[in-house]
Amino acid sequence: MKQISVLKIQDKIREMVQQINFHYPKDIEDLLEKARQNESHSLGKEILDLLKENSRIAAEKRIPICQDTGMVIVFIEIGQQVQLVDGSLNEAIQKGVALGYEEGYLRKSIVSDPLFHRINTQDNTPCIIYPSIVDGEQIKLTVGCKGFGSENMSVIRMLKPAQSVAGVKETVLQAIQNAGPNACPPMVVGVGIGGSFDYAAVLAKKATLRDCTLSNPDPEYAQLEQELLEEANRLNIGPQGLGGDTSVLKINIESAPTHIAGLPVAVNISCHITRHISEVIE
Amino acid sequence: MKITLPLTKETCMKLHAGDSLQLSGVIYTARDAAHKRLAEMIEKKEKLPFDLENSCIYYVGPTPTPPNAIVGSAGPTTSMRMDAYAPLLYDLGVSATIGKGYRTPQVKEAIIRNHACYLICIGGAGALLSQSIKKAECIAFEDLKAEAIYRYEVEDFPCVVAMDAYGKSVYE
Ligand code: SF4
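Residues numbered from 1 in each chain as written. Chains lettered and ligands numbered in written order. Predicted model: local features only at pLDDT ≥ 70, side-chain atom pairs only at ≥ 80, totals over all residues. Heavy atoms only, no water.

Considering the site of the ligand
Okay, so step 1: Residues in contact with the ligand amount to 13 residues; listed here are only the nearest, A:Cys66, A:Cys184, A:Cys271, A:Arg275 and B:Gly124.
Okay, so step 2: The ligand sits at a junction of chains, with neighbouring residues supplied by chains A and B.
Okay, so step 3: Residues of the shell around the ligand, tallied by class, amount to four nonpolar, six polar and three charged.
Okay, so step 4: Here the shell around the ligand spans two domains, since at least three of its residues come from each of domain 1 (2-23 + 65-146) and domain 2 (148-274) of chain A. (Near = heavy atom within 4 Å. Nonpolar A, V, L, I, M, F, W, Y, C, P; charged D, E, K, R; others polar. Domains from an automatic or database assignment.)

Here's the deal with unusual backbone geometry
Okay, so step 1: Cis geometry is found at the peptide bond from A:Thr125 to A:Pro126, where omega equals 0°.
Okay, so step 2: Secondary-structure assignment places A:Pro126 in the loop between helix H4 (89-103) and strand S4 (128-134).
Okay, so step 3: The linkage connecting B:Leu5 with the following residue, B:Pro6, adopts the cis geometry, with an omega of 0°.
Okay, so step 4: Mapped onto the secondary structure, B:Pro6 falls in the loop between strand S1 (2-4) and helix H1 (9-14).
Okay, so step 5: Positive phi outside glycine occurs at B:Asp156, with the angle close to 50°. (Helix = DSSP H or I, 4+ residues; strand = E, 2+ residues; numbered from the N terminus.)

Examining the nonpolar core
Most often, soluble globular proteins keep nonpolar side chains buried together rather than apart.
Okay, so step 1: Of all hydrophobic cores here, the largest spans 55 residues; its most connected members are B:Tyr90, B:Phe141 and B:Ile149.
Okay, so step 2: Mapped onto this core, the elements with two or more residues apiece are helix H2 (26-38) and helix H3 (42-61) of chain A together with helix H2 (32-43), helix H3 (86-91), helix H4 (105-113), strand S5 (117-120), helix H5 (126-130) and strand S7 (149-163) of chain B.
Okay, so step 3: Considering each element in turn, this core owes the most residues, six residues, to H3(A).
Okay, so step 4: Of all hydrophobic cores here, the second largest spans 26 residues; its members include A:Ile4, A:Val17, A:Leu106 and A:Ile139. (Core = buried A, V, L, I, M, F, W, Y, C linked by side-chain atoms within 4.5 Å. Buried < 20%, exposed > 50% of the residue type's maximum accessible area, 1.4 Å probe, protein only.)

Notes on the domain arrangement of chain A
Residue and element names in this part refer to chain A.
Okay, so step 1: Here chain A is partitioned into domain 1 (2-23 + 65-146) and domain 2 (148-274).
Okay, so step 2: The distance between the C-alpha centroids of domain 1 and domain 2 comes to 25 Å.
Okay, so step 3: Counting residues at the interface gives 10 residues for domain 1, matched by 12 residues for domain 2.
Okay, so step 4: Across the domain 1/domain 2 interface, buried area totals approximately 930 Å², and carbon plus sulfur atoms make up 74% of it.
Okay, so step 5: By the criterion of area lost to domain 2, the three top residues of domain 1 are Phe75, Tyr130 and Lys146, representing 55% of everything that side buries.
Okay, so step 6: Seen at the junction of domain 1 and domain 2, the total is four residue pairs in polar contact (both at pLDDT 80 or more).
Okay, so step 7: Going through the elements one at a time, strand S2 (71-79) and strand S5 (139-146) are the ones with two or more residues in the side of domain 1 that touches domain 2.
Okay, so step 8: For the side of domain 1 that touches domain 2, the residue count by class is six nonpolar, two polar and two charged. (Contact = heavy atoms within 4.5 Å. Buried area = accessible area lost by both parts, 1.4 Å probe. Polar contact = N/O pair within 3.5 Å; in protein donor to acceptor, adjacent residues only side chain to side chain.)

Observations concerning H2(A)
Residue and element names in this part refer to chain A.
Okay, so step 1: Here H2 contains 13 residues, and its C-alpha end-to-end distance of 18 Å stays within 8% of the 18 Å for a straight helix at 1.5 Å per residue.
Okay, so step 2: Burial in H2 covers these residues: Asp27, Ile28, Leu31, Leu32, Ala35 and Arg36.
Okay, so step 3: Against H3, strand S7 (187-195), strand S8 (248-258) and strand S10 (275-281) lie the buried residues of H2. (Expected span 1.5 Å × (residues − 1).)

Observations concerning the interface of chain A and chain B
Okay, so step 1: Opposite the 31 residues of chain A that make contact, chain B presents 33 residues.
Okay, so step 2: Summed over both sides, the interface of chain A with chain B buries roughly 2500 Å², with 62% coming from carbon and sulfur.
Okay, so step 3: At the junction of chain A with chain B, the criterion picks out zero salt bridges.
Okay, so step 4: Listing elements by their share of the side of chain A that touches chain B, those giving two or more residues are H3 and helix H6 (164-179) of chain A.
Okay, so step 5: Examining the composition of the side of chain A that touches chain B, we find that eight residues originate from one element, H3(A), more than from any other.
Okay, so step 6: Residue composition of the side of chain A that touches chain B, by class: 15 nonpolar, 12 polar and four charged. (Salt bridge = Lys/Arg side-chain N within 4 Å of Asp/Glu carboxyl O.)

Next comes the structure, spelled out in structure tokens:
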């Protein structure tokens, strides 16, 4: 048994939420830079220049890259040889979020009830936690801070198996087209294929938080990611929806086994500041 | 093009979708919750926190202001969520709203009817945009925190005309 203190996790979460609100993850920054160099549309290029400037100011002056500092999503993979000590894991994660948002002067955007009592909880908690048990004796944390301008443009569809690849493509491209300027393009798009109604959405979220230098390990899905990216960038949405070659920076697909009668497809739309970070705790 | 606020209807008539503007002067912030309250006050015929005539409303919910700073990160939020209220505000004299993204046909009609306009600035560039805000003062609904109404004094605040007084949109 390996002991890991939940306080260590709390501290990590506190740091991670701040890190990604002031600094672009390296993968996204590189994709933006590549897009900036290749954008042929002058207004689009100008916007990508300004986004670069925005990122510089954010890091230097410690001002959040975007004012919507998001809802925190935490994927935590716990090795089955790990014994968690020093208190409640759930409380430690929530406290890490609250401390990080307070310390970083990040915006608190969570309301306690979605419908009847939309009252701000004032500390950006609760965050959403997806735990899973894996082999080994370490813990892997993946944290995202998700803005809702883009989240609101996400979709889920229960396709019929016969709709196949064409149906998936249509769903993804329609969602991107429909998101347009509302999602602060250039976007990052996470696609979840398979599982059940709920699980497809979780896969899509997971896909938005994946390292964008990686493709899906399965060559057929990797090919689909590439084709979708090329087709999405022909939609001429462009930076901020004002036209151009750069509409989508990356499309990540995650898939899972599903039922003989189903083909769930979830499309989680994310923006040019897809804030994600992963760390391993040993 | 440099624009000194307040933005009059005459100036609005000279703007065209796609024009890049740098605004200087006073703008007021308001997003979801503030709009709801403004609409309630209008219905009850109460005095509003600021004069709507030729005013410019910025859809923003900034991050908290750290000590010794003027404002936090302050980029635009999605305009569509304010579309239910926008026609009413345009009809009462607002000459421009600033946000990001599409508007409904009802907002378009209100813009044409009132010789007003809709401006956008870069979504997700809150750090950059905050640099053009030279003074910020909370003037109403302080309890709403990020959603309170602030009076901003801006200098060369960069935006683009997304819909002009003739209803022409940069997204079409
Ligand atoms: S969609 Fe992203 S970049 Fe745009 S306002 Fe929301 S968090 Fe910021």
